[in-house]
Amino acid sequence: MPLQEINAQTRHVLGHELVHAFQYHSLIEGDSTQLENLGNLPLWMVEGMAEYLSLGKIDANTAMWMRDAVLNNDVPTLEDLTTNSKYFPYRYGQAFWAFIGSTYGDTTIFPFFKSTAKYGYQIAIRRTFGYDDKTLSGLWKSSLENAYKPYLKDTTQTPIGTKIVDETNGGEMNVAPAISPDGNYLAYLSERDLFSIDLYLADAHTGTTIRKLTSKISDSHIDEFNFIESAGAWSPDSKKFAFSVFAEGRNKLVVVDVSNGKTLLEKGMGDVEQFGNLTWSPDGDNVAFTGLKNGQSDMFSYNFTSQEVTQLTNDKYTEYQPSYSADGTKIVFSTDKYSEQSDNVAAAIPMGMAIMDLKDKSTKRIDLFEAANNYNPLFAENDSKIYFLSNRDGFRNLYRYTIATGKVEQLTDYFTGISGITENSPALSISNDNDVVYSYYRHQKYILYNAKDTAFKGKVVDPEYVNLAAATLPPPNSVGVNIINKNLENFQVYNDLPTDSVKSIPFRPKFKLDYIANTGAGVSTSRFGTGLSGGVQAIFSDILSRDQIFAAANVNGEIYDFGAQIAYVNQQSRWNWGGAISHIPYQFGTYGIEQTSLPAQGGGTIPAYNQYYDIIRVFEESAQGFTSYPFSKIIRAEFGAGVSHYSYRVDRYSTYYQDLGGGFVGSPFYQDRKKISLAEYNQNNGFGYQLTPYSILQLNTALVGDNSFQGVASPLNGYRYRIGIEQNFGTFQYTAPTIDLRKYVRAKPVTFAGRLYGYGRLGNTNNQQLYPLFIGYPYLIRGYEANSFYKNNGGSGTSSNGFDINQLIGNRIAVANFEVRLPFTGPKKLSVIPSKFLFSELNLFFDAGLAWDKGDVIKLNQKGPDQIGTAGPTNTPVYATNVKVPALSAGISTRVNVFGYFVLEPYLAFPFNRKDVTKPVFGLAFSPGW
């Protein structure tokens with residue numbers, strides 16, 4: 001069960017997910033719909049419906065987003081919502097469904113949803129409402145403007161204070177501000193480096209970035225920052241900063257030295273596996289926070305000296321966003337205790353505030369704005385006042401409460417609001433000198449402002465007045481049947497299930513089809529016979545996807561070319577394990593010609609030539625077992641074992657010609673096909689290898705790490721590595737180590753990428769059956785592709801310096817690559833040329849590689865092997881075959897992401913070792929950047 005730190009949030013999440021269950025069920029059980037119809041449903045329709053049915057139309061956070069859209073004349077059309085990721089589907093989708101429910105009645109929702117699943121939203125709109133999607137978009141926009149524009153005349157659009165962090169020196173999402181007690185520094189979380197949320201230290205007065213305090217990329221122990229609804233805390237001396245991160249599957253407390261970013265402490269909080277919203281005591285000995293213990297949200301404190309966690313509250317109510325008083329004797333916090341204890345019958349559970357006396361753990365209610373959400377309370381002005389955020393009038397603004405008199409003042413009057421990512425997110429921080437830093441929402445961005453307390457001109461307001469009209473999604477009045485909101489407003493009318501009616505049933509995985517697809521179908525005929533092609537692949541799993549079965553079958557030719565594989569993966573524990581069995585056929589062909597004789601009419605034989613093609617099928621039967629253990633989100637260990645057997649079938653297609661003597665060939669006699677034995681093939685194949693069935697038993701292990709961040713076509717930041725070893729037994733016995741190290745350093749606007757890769761077969765590899773390793777593939781070294789060699793020199797594939805294709809073949813390879821990557825077209829913040837459709841990058845590259853066998857002589861300072869003599873009447877140079885040199889190339893390429901389906905890389909490479917080419921080698925690769 002997805003328990004949250006706020007009870008209202010738990011209720012919302014459960015309701016949201018139950019709507020999804022209803023959506024899936026309605027499609028699966030429908031008489032004219034099925035699960036595949038989900039593909040016709042836009043994300044905003046699916047997620048927005050889940051938000052509307054679980055929250056209703058009174059939602060201050062979504063209303064703030066919609067007011068912002070109206071203010072900036074940026075209300076999207078339904079086509080915009082469907083095609084543009086700029087518009088968050090949850091918020092805009094909820095607002096759209098509120099419009100449909102209030103305008104046409106909630107009874108319209110389900111038929112419209114089903115019709116969209118069957119026909120797509122554009123046709124469904126015509127069938128349901130009688131007009132097109134553009135008209136409906138216009139009606140929705142008019143509804144938003146008519147509802148919200150009247151409020152504009154009563155609010156200011158000039159934020160109070162100095163803008164210190166926005167998209168020019170930060171990102172578009174600058175959240176969880178925390179000003180140091182001395183008022184000099186600001187810590188905040190931002191995606192300013194585009195690829196991850198990182199923790200930054202800035203000058204609190206100017207916003208100038210001082211350093212990145214810590215990052216997921218540089219600190220591999222951090223899986224993720226707890227950034228959505230949590231903020232960190234400063235030590236009283238402003239020298240250390242504490243915050244919550246996700247690491248190894250749970251929250252941990254991290255304390256860093258602000259002067260250098262060094263981690264001073266990283267520690268889990270015992271039974272409190274999830275926690276956030278820290279506050280540091282004025283004496284420096286304790287950090288208090290809100291956390292979940294055994295599914296219950298309470299307030300806790302950690303002592304740095306004793307290293308003990310103390311539980312400050314123990315009840316069913318929410319205690320949230322605690323903050324110490326300046327004298328360290330009290331904590332103020334948000335709570336739903338008084339809403340829960342009142343006669344509130346609605347689904348919404350408003351958040352009030354309270355003060356705890358740490359001496360006896362007693363609490364005192366701050367009695368104001370009872371039906372509103374009041375968050376982020378902070379002591380200020382020598383503990384005489386409390387600053388907090390409230391939506392008591394439907395807007396999210398800053399208020400000041402005087403403890404002694406009970407006076408409440410409204411300090412801001414913003415049309416959008418002071419907010420973090422969600423309504424529950426921290427968005428306010430105050431220094432000891434009453435510097436107020438807050439996060440202002442505008443243009444779908446979060447901007448940080450700093451203002452002195454004296455800059456706010458307080459307006460005294462009634463502490464009992466709450467009016468959520470501006471928090472209502474338009475139209476404000478429901479014309480049609482109002483089912484959703486009436487039920488949410490009278491949520492308690494539904495009785496709880498009796499305890500004895502709930503029974504625990506052990507979970508047993510039952511596999512059901514999740515996905516099925518085909519690879520097409522085809523038929524062909526030729527002199528080699530009639531063939532079929534086609535295949536199917538499917539995924540089965542239990543309802544939790546802990547057990548999965550992958551199955552595939554394919555045929556590409558005759559019945560002998562049928563292949564299949566089935567695999568099982570178990571993900572019930574941290575140890576993931578599974579196995580697979582397969583039968584996979586491979587095909588290749590060879591050509592030959594031989595003199596023979598054929599029976600003659602009337603007896604005897606006649607001489608003939610047999611021109612033949614041999615179609616060779618390699619059959620691989622294998623069984624594998626594998627397991628892996630993740631140490632964190634970015635590092636895992638892998639172990640595996642497998643056994644494979646390889647066998648062959650040779651079919652010879654012959655055309656017999658008359659032998660006229662003297663090397664002359666006459667007309668063909670006839671054609672035939674027959675299966676030949678391996679002994680017959682091996683006796684005279686002319687290719688220097690033998691087809692002999694063999695078996696291999698393999699054991700392998702590897703350490704894998706990956707914290708890279710993907711650009712439009714290749715990684716642009718972080719690192720990746722794989723260090724592994726395989727041991728092969730059976731017909732061939734050899735050891736195969738792998739080292740693959742990749743590093744990406746982002747230096748806007750380019751990325752410097754480097755790779756070192758090595759693989760080798762060490763042991764019994766002196767055979768002609770294991771396919772040789774080749775470094776001329778474009779994903780290893782560009783400019784040395786096999787086909788480019790044989791286009792020159794009459795097909796000899798040899799440069800004038802003796803460098804030929806054999807230099808690229810061996811049982812041991814080493815490759816080094818370096819690239820400068822520039823995102824060229826794509827997302828605005830990433831690329832040189834903004835584009836919504838064409839995603840590409842430009843690259844300058846340098847490749848180097850070496851392939852060799854045991855006993856070869858490696859000469860790193862040469863471009864070709866040594867000449868050891870000449871041959872023939874023309875004194876053709878003869879080169880040493882046991883000398884190997886590194887292949888080097890450089891060039892330029894572009895990678896194009898083709899609508900997310902594949903990455904295409906055309907390139908021009910200058911191969912420095914080759915003398916058989918005078919122009920750059922053009923090539924084409926179908927793979928993302930390494």
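What counts, and where the lines are drawn
- The numbering scheme is per chain: residues are counted from 1 as the chain's sequence reads.
- Reporting in this predicted model follows two pLDDT cut-offs: at least 70 for local features of residues, and 80 or more for side-chain atom pairs to be given and counted; totals over whole chains, interfaces and linings ignore these cut-offs and use all residues.
- Here the side-chain values reflect all heavy atoms present in the structure, with hydrogen atoms and water set aside.
- Numbering of helices and strands runs from the N terminus; a helix is a DSSP stretch of H or I covering at least four residues, while a strand is a stretch of E covering at least two.
- Each residue is placed in one exposure class: buried if its accessible area under a 1.4 Å probe, protein chains only, is under 20% of its type's maximum, exposed if it is over 50%, and partly exposed if it falls in between.
- All accessible areas in this document rest on Shrake-Rupley with a 1.4 Å probe, and a residue is counted as covered only by the protein chains that are shown.
- Two residue types count as positive, namely Lys and Arg, and two as negative, namely Asp and Glu; His and chain ends fall outside the count.
- Charge positions are represented by NZ for Lys, CZ for Arg, CG for Asp and CD for Glu.
- In these notes, a set of buried Ala, Val, Leu, Ile, Met, Phe, Trp, Tyr and Cys residues joined through side-chain atoms within 4.5 Å is what counts as a nonpolar core.
- Here a residue-residue contact requires only that any non-hydrogen atoms of the pair lie within 4.5 Å.
- What qualifies as a polar contact is a pair of N or O atoms within 3.5 Å, subject to a donor-acceptor requirement within protein and to the restriction that residues adjacent in sequence count only when both atoms come from side chains.
- Strands are labelled as partners when DSSP assigns at least two bridges between them.
- Each patch is built from residues lacking any salt bridge and having more than 30% relative accessible area; the joining distance is 9 Å for like charges and 5 Å for nonpolar side chains (Val, Leu, Ile, Met, Phe, Trp, Tyr).
- For salt bridges, the criterion is a side-chain nitrogen of Lys or Arg within 4 Å of an Asp or Glu carboxyl oxygen.
- Every axis corresponds to a line fitted to the C-alpha atoms, with the helix fit spanning only the stretch in contact, and the corresponding angles, defined between N-to-C directions, vary from 0 to 180 degrees.
- Each pair of aromatic rings taken from Phe, Tyr and Trp, with Trp reduced to its six-membered ring, is defined by centres within 6.5 Å and is described as stacked if the planes are under 30 degrees apart, edge-to-face if over 60, and tilted in the remaining cases.
- Should the NZ of a Lys or the CZ of an Arg lie within 6 Å of a ring centre and within 35 degrees of the ring normal, that charge is described as sitting over the ring.
- A helix is expected to span 1.5 Å multiplied by its residue count minus one.
- Working rule for angles: under 35 degrees goes down as roughly parallel, over 145 as roughly antiparallel, 65 to 115 as roughly perpendicular, anything else as oblique.
- Working rule for handedness: look at the near helix, and if it is turned counterclockwise from the far one by less than a right angle, call the crossing left-handed; if clockwise, right-handed.

Visitor: Which residues make up the overall build of the protein chain, and what are the values?
Guide: Helix and strand counts for the protein chain come out as 12 helices and 53 strands. Taken along its principal axes, the extent of the C-alpha atoms in the protein chain is 125 × 65 × 55 Å. The 930 residues of the protein chain split such that 50% are buried. Total accessible area computed for the protein chain in this model is approximately 43,400 Å², and 55% of it derives from carbon and sulfur atoms. Here the protein chain carries 81 positive and 90 negative side-chain charges, and the mean point of each set is 4 Å from the other.

Visitor: Could you give an account of the nonpolar core, naming the residues involved and the relevant values?
Guide: Ranked by size, the top nonpolar core spans 66 residues in total, and within it Met66, Leu78, Trp140, Tyr148 and Phe241 carry the most contacts. Looking at this core, the element that brings in the most residues is helix 5 (residues 89–104), giving 7 residues. Setting aside chain neighbours within four positions, we find Tyr148 in contact with Ala63, Met66, Arg67, Val70, Phe415, Ala470, Thr472, Leu473 and Pro474. Ranked by size, the runner-up nonpolar core spans 33 residues in total, among them Val650, Leu770, Leu773 and Ala851.

Visitor: Tell me about the side chain of Ser281, and name the residues and values.
Guide: Its place among the elements puts Ser281 in the loop between strand 11 (274–280) and strand 12 (286–293). In this structure the side chain of Ser281 is engaged in a polar contact, spanning 3.4 Å, whose partner is the backbone nitrogen of Asp285. Residues in contact with Ser281, not counting those within four places in the same chain, are Pro236, Asn286 and Tyr324.

Visitor: Help me get a handle on the side chain of Thr279, residues and values and all.
Guide: Inspection of the secondary structure assignment puts Thr279 in strand 11. The exposure class of Thr279 is buried, given its relative accessible area of 8%. One polar contact links the side chain of Thr279 to the main-chain amide nitrogen of Tyr324, over a distance of 3.1 Å. Leave out the neighbours within four places in its chain, and Thr279 touches Ala233, Asn286, Val287, Ala288, Pro322, Ser323 and Tyr324.

Visitor: Can you break down the sheet that holds strand 21 (residues 397–402) residue by residue, with the values?
Guide: Pairing within the open sheet is antiparallel, and its 5 strands lie in the order 19-20-21-22-27. Edge positions in the open sheet fall to strand 19 (374–380) and strand 27 (459–460), since each of these has one partner strand only.

Visitor: Explain a nonpolar patch on the surface to me, and be specific about the residues and the numbers.
Guide: On the surface, Phe837, Leu844, Ile892, Phe899, Tyr901, Phe902, Leu908, Phe922, Leu924 and Phe926 cluster together into a nonpolar patch covering about 1,200 Å² of accessible area. Those elements giving two or more residues to the nonpolar patch turn out to be strand 52 (902–911) and strand 53 (921–926). With 3 residues, the single largest contributor to the nonpolar patch is strand 53. Relative to the helices and strands, Leu844 resides in strand 46 (residues 839–852).

Visitor: So what's going on with the pattern of salt bridges? Which residues, and what values?
Guide: Scanning the model with the defined rule gives 33 salt bridges in all. Glu191 is the partner of Lys829 in a salt bridge, and the nearest nitrogen-oxygen pair spans 3.5 Å. Of this pair, Lys829 sits in the loop between strand 44 (812–826) and strand 45 (833–834) while Glu191 sits in the loop between strand 3 (185–190) and strand 4 (198–203), placing them 638 residues apart in sequence. In this structure, Lys859 and Asp866 form a salt bridge, with 2.4 Å as the shortest nitrogen-oxygen distance. Using a relative accessible area of 22% as the deciding quantity, one classes Asp866 as partly exposed.

Visitor: Before we move on, can you summarise the sheet that holds strand 15 (residues 319–324) with the specific residues and values?
Guide: Strand order in the open sheet formed by 4 strands is 15-16-17-18, and the pairing between neighbours is antiparallel. At either end of the open sheet lies a strand with only one pairing partner, and these are strand 15 and strand 18 (362–366). On average, each strand axis in the sheet is tilted by 25° relative to the strand beside it, whichever way the strands run. In this structure, strand 15 lies alongside strand 16 (residues 330–335), joined through 4 bridges in antiparallel fashion. Directly across from Tyr320, in strand 16, lies its bridge partner Ser334.

Visitor: Can you lay out the packing of aromatic side chains for me, pointing to particular residues and giving the numbers?
Guide: Following the criterion strictly, the structure yields 51 aromatic pairs and no others. Seen from their ring centres, Trp65 and Phe88 are 5.9 Å apart, and the 40° between their planes marks the pair as tilted. One end of the pair, Trp65, is in helix 3 (residues 60–71); the other, Phe88, is in the loop between helix 4 (78–83) and helix 5, and 23 residues separate them in sequence. Classification of Trp65 as buried rests on a relative accessible area of 9%. Classification of Phe88 by relative accessible area gives partly exposed; the value is 34%. The interplanar angle of 70° and the centroid separation of 5.5 Å between the aromatic rings of Tyr629 and Phe631 together place this pair among those described as edge-to-face. A relative accessible area of 21% means that Tyr629 is categorised as partly exposed. For Phe631, a relative accessible area of 41% corresponds to the partly exposed category. Grouped by ring-pair contacts, the aromatic residues Trp44, Phe96, Trp97, Phe99, Tyr104, Phe112, Tyr121, Phe129, Tyr131 and Trp140 constitute a single cluster. For Arg652, the ring lying beneath its charged end belongs to Tyr612, and the centroid distance is 3.9 Å.

Visitor: Lay out helix 5 in plain terms, naming residues and giving numbers.
Guide: Its 16 residues give helix 5 an end-to-end C-alpha distance of 21 Å, which sits within 8% of 22 Å, the value for a rise of 1.5 Å per residue. Taken across its 16 residues, helix 5 has 13 buried, putting it largely inside the fold. Downstream of helix 5 by one or two residues, Gly105 has phi in the positive range, about 100°.

Visitor: Any chance you could break down unusual backbone geometry for me, citing the residues and the numbers?
Guide: In this model, Pro474 is joined to Pro475 through a cis peptide bond whose omega is -5°. Cis geometry is adopted by the peptide bond preceding Pro749, which originates at Lys748 and carries an omega value of 5°. With respect to the helices and strands, Pro749 occurs in the loop between strand 39 (734–747) and strand 40 (750–760). One non-glycine residue, Gln307, lies in the positive phi region at around 60°. Note that Gln307 resides in the loop between strand 13 (296–303) and strand 14 (309–311). For Gln307, a relative accessible area of 47% translates into the label partly exposed.

Visitor: An account of helix 3 is requested, with residue identities and associated values reported.
Guide: Compared with an ideal rise of 1.5 Å per residue, which puts 12 residues at 16 Å, helix 3 spans 16 Å between its outermost C-alpha atoms and is within 8% of the ideal. Along helix 3, the residues that are buried comprise Ala60, Asn61, Thr62, Ala63, Met64, Trp65, Met66, Arg67, Asp68, Ala69 and Val70. In this structure, the buried residues of helix 3 make contact with helix 5, helix 8 (133–148), strand 23 (417–418), strand 25 (435–442) and strand 26 (445–452). The residue sitting at the N-terminus of helix 3 and contributing the capping side-chain oxygen is Asp59; that oxygen lies 3.1 Å from the backbone nitrogen of Asn61. Among the residues trailing helix 3, Asn73 stands out with phi positive, at a value near 50°.

Visitor: Explain a negative patch on the surface residue by residue, including any values.
Guide: A cluster of acidic residues, Asp343, Glu370, Asp462 and Glu464, forms a negative patch at the surface. Tracing the sequence through the fold places Glu464 in the loop between strand 27 and helix 10 (483–489). For Glu464, a relative accessible area of 72% translates into the label exposed.

Visitor: Would you mind going over the environment of Tyr87 in detail, with residue names and values included?
Guide: One can find Tyr87 in the loop between helix 4 and helix 5. Sequence spacing of Tyr87 and Asp74 is 13 residues, and the spatial spacing of their C-alpha atoms is 9.8 Å. Discounting residues that sit within four places of it in the chain, Tyr87 has contacts with Asp74, Pro76, Asp80, Leu81, Tyr92 and Gln444. Side-chain polar atoms of Tyr87 contact the side chain of Asp74, separated by 2.7 Å.

Visitor: Describe in detail the packing of helix 2 (residues 43–55) against helix 6 (residues 109–119), supporting the description with residues and values.
Guide: Interaxial distance between helix 2 and helix 6 falls to 12 Å at its minimum, and their mutual angle equals 165°. In terms of orientation, helix 2 and helix 6 fall into the roughly antiparallel class. Here helix 2 runs over helix 6; the crossing is left-handed. Here Met45, Met49, Tyr52 and Leu53 of helix 2 come into contact with helix 6, specifically with Ile109, Phe112, Phe113 and Thr116.

Visitor: Outline the pairing of strand 13, supporting the account with residue identities and numerical values.
Guide: Of all 8 residues making up strand 13, 7 are buried, and the element is well covered by its neighbours. Of the strand pairs in this sheet, strand 12 and strand 13 are connected by 8 bridges, and their pairing is antiparallel. Residue pairing across strands places Phe289 opposite Phe300, the latter belonging to strand 13. Taking the residues between adjacent antiparallel strands as the criterion, strand 12 and strand 13 are bridged by 2 residues, where Asn294 takes a positive phi near 55°. Adjacent in sequence and paired antiparallel, strand 13 and strand 14 are bridged by 5 residues, among which Gln307 carries a positive phi angle near 60°.

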